[in-house]
Amino acid sequence: MKFKDIQTKIKLNYLKLSGKINKSNLPIEIKNDSNKIIKNILIIFPIKEEAFRVAIYTFRNLVKNKNVNYYFIVNNVYKHHFHLSGYVFDLYYNTKQQKIKFDETFFEERIINKKFDMIVDLNNQFNYDISNFINDLKGYYKVGFKNRYSDYFYNIQIDFSKNDILENSYKKINLMLN
């Protein structure tokens with residue numbers, strides 16, 4: 001087992017013991033309810049270049065509802081390729097340490113305390129920093145890719161294996177948003 005996997009398991013066990021994360025056993029109701037209007041959507045774009053390019057291509061025609069506020073977190077290296085309109089925040093990825101730092105402006109009280117109706121993580125590979133960040137945010141739907149730790153962080157999980165085409169998984173998420 002790699003050192004990074006052992007380190008992640010230790011962190012997750014600590015969070016479980018301290019009660020900061022638990023596996024979600026609560027059912028989620030997904031229905032057309034006029035009382036449950038989605039107003040705020042946070043989308044975290046992939047930190048790896050290949051996945052980012054697929055995501056930006058797949059979401060190029062994201063149908064935006066004028067009554068919905070879109071918030072995007074994008075790796076600052078690829079920000080010049082990002083063209084979707086909404087509130088855009090930077091993410092800084094240190095490839096050597098595999099650590100992530102989020103834009104300080106995201107932590108302003110008006111944003112960090114916002115209740116998001118949907119939080120979407122488009123990273124198809126598990127990243128502890130992003131998952132833990134999502135865990136700290138308030139959101140009804142938390143969408144991410146299925147992996148061995150995803151039960152602790154996401155209540156809607158997209159199944160993705162190495163044999164699948166990443167674009168097809170992104171299309172499923174895009175359909176959920178429209």
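Predicted, not measured: the structure shown is a model, and the values here were computed from it.

A. Spotlight on the sheet that holds strand β5 (residues 115-121). The sheet built from 7 strands is open, its strands ordered β4-β3-β2-β1-β5-β6-β7 with mixed pairing. Strands with a single pairing partner mark the edges of an open sheet, and in this sheet they are β4 (99-102) and β7 (156-158). In this sheet, adjacent strand axes meet at a mean angle of 20 degrees when their direction is disregarded. As defined by bridge partners, strand β6 (residues 138-145) adjoins β7 across 3 bridges and the pair is classed as parallel. The residue of β7 that forms the bridge with F145 is I158. Strands in contact with helix α4 (residues 128-136) are β1 (40-44), β2 (69-75), β3 (87-94), β4, β5 and β6; relative to β4, the strand with the most contacts, it is inclined by about 40 degrees.

B. Geometry of the packing of aromatic side chains. One pass over the full model with this rule turns up 20 aromatic pairs. Arranged with centres 6.1 Å apart and planes meeting at 70 degrees, the rings of F45 and F59 form a pair that is edge-to-face. With F45 in the loop between β1 and α2 (49-58) and F59 in the loop between α2 and β2, the pair connects residues that are 14 residues apart, well separated along the chain. Residue classification places F45 among the buried residues on the basis of a relative accessible area of 1%. F59 gets classed as buried once you look at its relative accessible area, which sits at 0%. A ring pair is formed by F45 and F72, whose centres lie 6.1 Å apart and whose planes are at 55 degrees; its orientation type is tilted. On the criterion of sequence distance, the pair formed by F45 in the loop between β1 and α2 and F72 in strand β2 is long-range, its members being 27 residues apart. Considered together, F45 and F72 belong to a single accessibility category, that of buried residues. Members of the aromatic cluster, each reached through a chain of ring pairs, are F45, F52, F59, Y70, F72, Y78, F82, F145, F160 and Y170. The cationic tip of R60 hangs over the ring face of Y57; the distance from NZ or CZ to the ring centre is 3.9 Å.

Definitions and cut-offs
- Residue numbers here run from 1 along each chain, matching the order of that chain's written sequence.
- Local features in this predicted model are restricted to residues whose pLDDT is 70 or higher, and side-chain atom pairs enter the listing and the counts only when it is 80 or higher, whereas totals over whole chains, interfaces and linings include all residues.
- Excluded from the side-chain calculation are hydrogens and water; included are all heavy atoms of the structure.
- In this description, strands pair whenever DSSP reports at least two bridges between them.
- Think of it this way: any DSSP run of H or I at least four residues long counts as a helix, any run of E at least two long counts as a strand, and we number them from the N terminus.
- Helix axes use the C-alpha atoms of the stretch in contact, all axes being lines fitted to C-alpha atoms, and the angles between their N-to-C directions lie in the range 0 to 180 degrees.
- Any pair of residues with heavy atoms lying within 4.5 Å of one another is described as a contacting pair.
- Only centres within 6.5 Å qualify two rings of Phe, Tyr or Trp (six-membered ring in Trp) as a pair; their planes then separate them into stacked at under 30 degrees, edge-to-face at over 60, and tilted for everything else.
- Burial classes: relative accessible area under 20% of the type maximum marks a residue as buried, over 50% as exposed, and values in between as partly exposed (1.4 Å probe, protein chains only).
- Placement of a charge over a ring requires the Lys NZ or Arg CZ to be within 6 Å of the ring centre, with the centre-to-atom vector within 35 degrees of the ring normal.

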